[in-house]
Amino acid sequence: MAVGAASPASRAAPSGGLRRIFGVFHNLPIKLKAAAASLVLFVCLLALGANAYITSTKSAEGLRLLSHDLEPKLQDISGLSEAVVGTQLKIFRYVSWASNSVSDRLLKELYQQIESDLAGLTRRIDALGRRPDLSADERTMMQGLLARWQKCMSQAKDTIDVGQTDAAMATMMLGQTDDSFKAVDAEIENLAIETTETANGVRTSLYADAEQNKRIIILGTVLGLVVSAFVSFVVGASIVGPIKSITTGMQQLSAGKTDVEIGHRDRNDEIGKMVQAIDVFRRTMIEIRAMEQATHQAEQNRAAERTAAMHALAAEFEKSVQHIAQELSDAVAAMHGNAEAMSMIAAQTRDKSQSTAGIVIDTQANANSVASAAEELAESIEQLAAQTQHARELTNKTVTESASASANVQQLLDAVRQIVPITGLIQAIAQQTNLLALNATIEAARAGAAGKGFAVVAAEVKSLAQQTAKATEEINQKITAVNASSGAVVAIMEQVISAIGRLGEGTVEMASAVGQQAAATQEISKNAQQAADSSRLVAHNIVELDQKTHENDDASSQALAGAKRLLDHAAVLQRQVDNFLRHVRAA
Amino acid sequence: MRTFAFLVFAALIAAASPAPAANEYGSKDEAVAMVKRVQDEFKKNGADTTFKAVSDKSIKEFHDRDLYPFIYDMTGKCVAHGARPALIGKNLIDLKDQDGKFLIREMVDMAKGPGSGWIEYKWPNPITNKIEDKLSYVEKMGDYFVGVGVYKQ
């Protein structure tokens, strides 16, 4: 996304000339750009100030000319004109008086007045002619006036001179005097007009200057405003616009958009350098992001591999464990069945033991021992089941100890087999008892009546012996059954051992993946040890079956319960293994 | 040629009637005759004597009733005057009569041009001292011109 592509500069510069100006501006340092508007205003102010100074000086000079030169000169000229007219009137009055019988004294006074006036006028005209502020035209006019005045004065004098003696002739001469005065008046009038025109010229010039000054001030002000506004706009467009686009670009950069393209890179001023620096940031960001992505990808790959390995392990473990657990479960179920059978057998043994009294005690005791051992085994297995999590250690021990358990079961078998000679002895005893009872019967018969009661006893003993023999036979049968069952137990135990062995293998694999399994295995081993101990006790107790026949029932039922619990624990083990696998897979 | 003939004629007239007329006003002929006398005097005795004689009212030759000669130079300055001595020495080139006629200027022009002639204007009569219509004969005389006029009745 090209933020600066449509820059204000390019929008505001439609023509090539403007673009060049913008280009020059772009390459100027910002300090100069900021100074440009001020410079333009400064130049405009300077020009306006210079114009104001020049115009004011000119105006002051014009006003000084008007008030110090032209107006006084005009006043002088006007006063002169009035005086000339006044003198002319006096001459007319003189001729009039001379023609109309005015006294000589009055005429003489008037004559002297006129002479004095004429002399005064001559002085005034001379003074006017000597003014330093006369223009060349005015000087020429003053010369003409002076000449006319001299002629006029001469004629005026002639007129009053003639008037002293010849009023009629003086009257005749009034015409030429009048002409002369008119000529002088005309000269004065011309002079006045000339001076007035000069003054008017000065006034017009002042007015024109003021008007022009006004126009220059308006024009200069407008021009200054327009140019400075334009320069401000150009400078602003050359700074504000790019900075805005740079800000937008930087915001997008900071928001993570690394594909942002900021314009004005070609400029040589601070903005161009800024944009170049930002571009360096941008590219660095892109590189960092690429590196991050690569790292992330690698991590994901590793995690996936790990998970896959874990899942594979778990699957394998599950397979083994489920298989083992299934086998364990089957074994336990079988054991349970056997325990039930054993219990039943034990119960039957007890029943028979009760009838065979002390002889059976050993068997009973042994059976109890077996039951007890079975219970303890069951408990051990329960513990084993409970502690399967600590499989590693346990498994190791289980493997070794299961072997000894098997040996113990073998011993149990041996012990049971040892019951066989005892039952043989019991059978022999029973035969001898039978023989004794037969003898006793014979003896009783010999004794007759006295022996009748003894014969009854002998018959009873005989029947007891027969019953014993029969019971012993049954015991033998039962022992055979026990043997068979024990064989089955041994076989099952072997299956258990091999199963635990395989469990151990699985657990060992597990242990390599999961360290925690070691403790559980340890625990299992320990329990297996305990199970082995219990098995040994069972073996021992089975040896003492005879003595513990009366406990046989409880033991059998406990064995049954133990087997049941073993089943339960096998299920628990299954669940925990499932849980464990679930966790492993979830991990 | 014409001037010569005129002069001969005038001389003849003057010679034929030297006595003054009995009329109150002088006639044109008498005026012309007086001019001739001034001319003669001027030729005979020079300018200064002529000017004095002309200005002196006691000399009858140049003062007859309302007839008198006046002599101006060519700038219009009055050098001799038979009736109004106040004018002697005054330049009257710009003098105008009541009609606004520059009479001296016309006389100068006539003297410089044809040399002689009649000019009509208004001028105070020395006898009545009133401004009247006057007809003067003017003739060039050296650097001057001389004139004698008659007043219209």
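Residues numbered from 1 in each chain as written. Chains lettered and ligands numbered in written order. Predicted model: local features only at pLDDT ≥ 70, side-chain atom pairs only at ≥ 80, totals over all residues. Heavy atoms only, no water.

1. What about the overall build of chain B?
Selection criterion: Comment: elements are numbered from the N terminus, with helices defined as DSSP H or I runs of at least four residues and strands as E runs of at least two. Using a 1.4 Å probe, accessible areas were evaluated by the Shrake-Rupley method; residue-level cover was limited to the displayed protein chains.
The helix and strand tally for chain B stands at three helices and five strands. Looking at chain B as shown, the accessible area adds up to about 7,600 Å², and 56% of this sits on carbon and sulfur atoms.

2. Side note on the interface of chain B and chain A
A common way to express how large an interface is: the accessible area buried when the components associate. Heads up, the condition is: Residues are treated as being in contact if the distance between any of their heavy atoms lies within 4.5 Å. In short, buried area is how much 1.4 Å probe accessible area vanishes from two parts on joining, totalled over both. Counted as salt bridges are all cases of a side-chain nitrogen of Lys or Arg within 4 Å of a carboxyl oxygen of Asp or Glu. Whenever two N or O atoms come within 3.5 Å, that pair is a polar contact, provided that in protein one can donate a hydrogen and the other can accept it, and provided that, for residues adjacent in sequence, both atoms are side-chain atoms. Following the grouping adopted for this structure description, the nonpolar residues are Ala, Val, Leu, Ile, Met, Phe, Trp, Tyr, Cys and Pro, the charged ones are Asp, Glu, Lys and Arg, and the polar ones are all others, Gly among them.
The interface is formed by 18 residues belonging to chain B together with 15 residues belonging to chain A. Among the residues chain B hides against chain A, the three largest losses belong to Lys90, Asp94 and Lys96 of chain B. Together they make up 39% of the total. Where chain B packs against chain A, one counts five salt bridges. Its salt-bridge partner being Arg84 of chain B, residue Asp166 of chain A comes within 2.6 Å of it at the nearest N-O pair. Inspection of the chain B/chain A interface yields six residue pairs in polar contact (both at pLDDT 80 or more). Ranked by residue count, the leading element in the side of chain B that touches chain A is strand S3 (residues 116-124) of chain B, at three residues. Looking at side-chain class alone, the side of chain B that touches chain A contains nine nonpolar, three polar and six charged residues.

3. Details of the confidence of the model for chain B
Residue and element names in this part refer to chain B. Worth spelling out the cut-off: For every residue, the pLDDT score states the predictor's confidence, bounded by 0 at the bottom and 100 at the top.
When pLDDT is averaged along chain B, the result is 85; 85% of the residues meet or exceed 70. The weakest mean pLDDT in chain B belongs to helix H1 (residues 2-16) at 47; the strongest belongs to strand S1 (residues 69-73) at 95. Per the prediction output, this complex has pTM 0.48; the corresponding ipTM is 0.78.

4. Re the packing of aromatic side chains
Given two aromatic rings, their pairing is described by the distance between the two centres and the angle made by the two planes. All names here are of chain B. The criterion, for reference: Geometry of aromatic contacts follows a simple scheme: Phe, Tyr and Trp rings, the Trp one being its six-membered ring, pair when their centres are within 6.5 Å, and the pair is stacked under 30 degrees between planes, edge-to-face over 60, tilted otherwise. Throughout, exposure labels follow a simple rule: accessible area from a 1.4 Å probe, protein chains only, divided by the maximum for the residue type, with under 20% read as buried, over 50% as exposed, and the rest as partly exposed.
According to the stated counting rule, one finds eight aromatic pairs over all chains in the structure shown. The interplanar angle of 75° and the centroid separation of 6.3 Å between the aromatic rings of Phe42 and Tyr144 together place this pair among those described as edge-to-face. Within this pair, whereas Phe42 is found in helix H2 (residues 28-55), its partner Tyr144 is found in strand S5 (residues 144-151), the two being separated by 102 residues in sequence. Overall, Phe42 belongs to the buried group, its relative accessible area being 17%. One aromatic cluster is present, built from ring pairs that chain together Phe42, Phe51 and Tyr144.

5. Points about the sheet that holds strand S4 (residues 131-141) of chain B
Residues and elements named next belong to chain B. Put simply, the rule reads: Only strands joined by at least two bridges in the DSSP assignment are considered to pair. Interaxial angles span 0 to 180 degrees and are taken between N-to-C directions of axes, which are lines fitted to C-alpha atoms, for helices over the stretch in contact.
In space, the five strands of this open sheet follow the order S2-S1-S5-S4-S3, with antiparallel pairing throughout. The open sheet is flanked by strand S2 (78-81) and S3, the only strands paired with a single partner. Between one strand axis and the next, the sheet turns through 25° on average, direction left out of account. The pairing of S1 with S5 spans five bridges and is classified as antiparallel. The residue of S5 that forms the bridge with Asp73 is Tyr144.

6. Some words on the packing of helix H3 (residues 30-99) of chain A against helix H6 (residues 167-254) of chain A
All names here are of chain A. Applicable threshold: Roughly parallel means an angle under 35 degrees; roughly antiparallel means over 145; roughly perpendicular covers 65 to 115; every other angle is labelled oblique.
Closest axis-to-axis distance for the H3/H6 pair is 9 Å, and the angle between their directions is 170°. Taken together, the axes of H3 and H6 are roughly antiparallel relative to one another. Within the contact of H3 with H6, the residues separate by chemical class into 38 nonpolar, 20 polar and eight charged.

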